[in-house]
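# Inside the fold
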Amino acid sequence: MSGNTPVKKDPRAWDALAKPLSPWILDAINTMGFERMTPVQASTIPLFMGNKDVVVEVRIVDIGQPDS
């Protein structure tokens, strides 16, 4: 691997956002132990920061539950 190869930043990393979060928010996120955004957060936070309205639909899948 060459020394000129750019390192690709994790798109779900908190510091990957185009507009950085406030330091106090990043501190709270780190204190709570969240290392990466969920896919929904990574998709919607940039929209929120651009003052866009967002609607998210989540499909809940029941897994690992034994049949009664």
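Now for a look at the structure at hand. Fair warning: this is a prediction, and the values are worked out from it, not measured in the lab.

This part takes up the overall build of the chain. A count of helices and strands for the chain gives two helices and zero strands. Within the chain, the fraction of its 68 residues that count as buried is 12%. Accessible surface computed for the chain: about 6300 Å², of which carbon and sulfur atoms make up 57%.

Counting six residues, the largest nonpolar core is built from Trp-14, Leu-17, Leu-21, Ile-29, Met-37 and Ile-45. Once you skip the residues sitting within four places of it in the chain, Leu-17 turns out to touch Met-37, Ile-45, Pro-46 and Met-49.

Here we take up a nonpolar patch on the surface. Side chains of Val-40, Val-56, Val-58 and Ile-60 sit close together on the surface and give an oily, nonpolar patch of about 400 Å² of accessible area. Positionally, Ile-60 belongs in the segment after helix 2 (39-49). Accessibility expressed as a relative area gives 77% for Ile-60, which makes it exposed.

What follows is about the pattern of salt bridges. One side chain can pair with another of opposite charge once the charged atoms of both are near each other. Counted by the stated rule, this structure contains one salt bridge. Arg-36 is paired through a salt bridge with Asp-10; the nearest N and O atoms lie 2.9 Å apart. Pair noted here: Arg-36 is in the loop between helix 1 (23-32) and helix 2 and Asp-10 is in the segment before helix 1, with a separation of 26 residues, a long-range link.

Notably, Asn-51 is not glycine yet its phi reads approximately 60°, a positive angle. Position of Asn-51 among the secondary structure elements: in the segment after helix 2. Owing to a relative accessible area of 73%, Asn-51 belongs among the exposed residues under this scheme.

What follows is about the side chain of Thr-44. Tracing the chain through its elements places Thr-44 in helix 2. Under the relative-accessibility criterion, Thr-44 is labelled buried at 10%. Of the polar contacts made by the side chain of Thr-44, one reaches the backbone oxygen of Val-40; its length is 2.8 Å. With near-sequence residues (within four places) excluded, Thr-44 lies in contact with Val-54 and Val-56.

Analysis parameters
Residues numbered from 1 in each chain as written. Predicted model: local features only at pLDDT ≥ 70, side-chain atom pairs only at ≥ 80, totals over all residues. Heavy atoms only, no water. Helix = DSSP H or I, 4+ residues; strand = E, 2+ residues; numbered from the N terminus. Buried < 20%, exposed > 50% of the residue type's maximum accessible area, 1.4 Å probe, protein only. Areas by Shrake-Rupley, 256 points an atom, 1.4 Å probe, with all protein chains shown as cover. Core = buried A, V, L, I, M, F, W, Y, C linked by side-chain atoms within 4.5 Å. Contact = heavy atoms within 4.5 Å. Patch = residues over 30% accessible without salt bridge, like charges linked within 9 Å, V, L, I, M, F, W, Y side chains within 5 Å. Salt bridge = Lys/Arg side-chain N within 4 Å of Asp/Glu carboxyl O. Polar contact = N/O pair within 3.5 Å; in protein donor to acceptor, adjacent residues only side chain to side chain.

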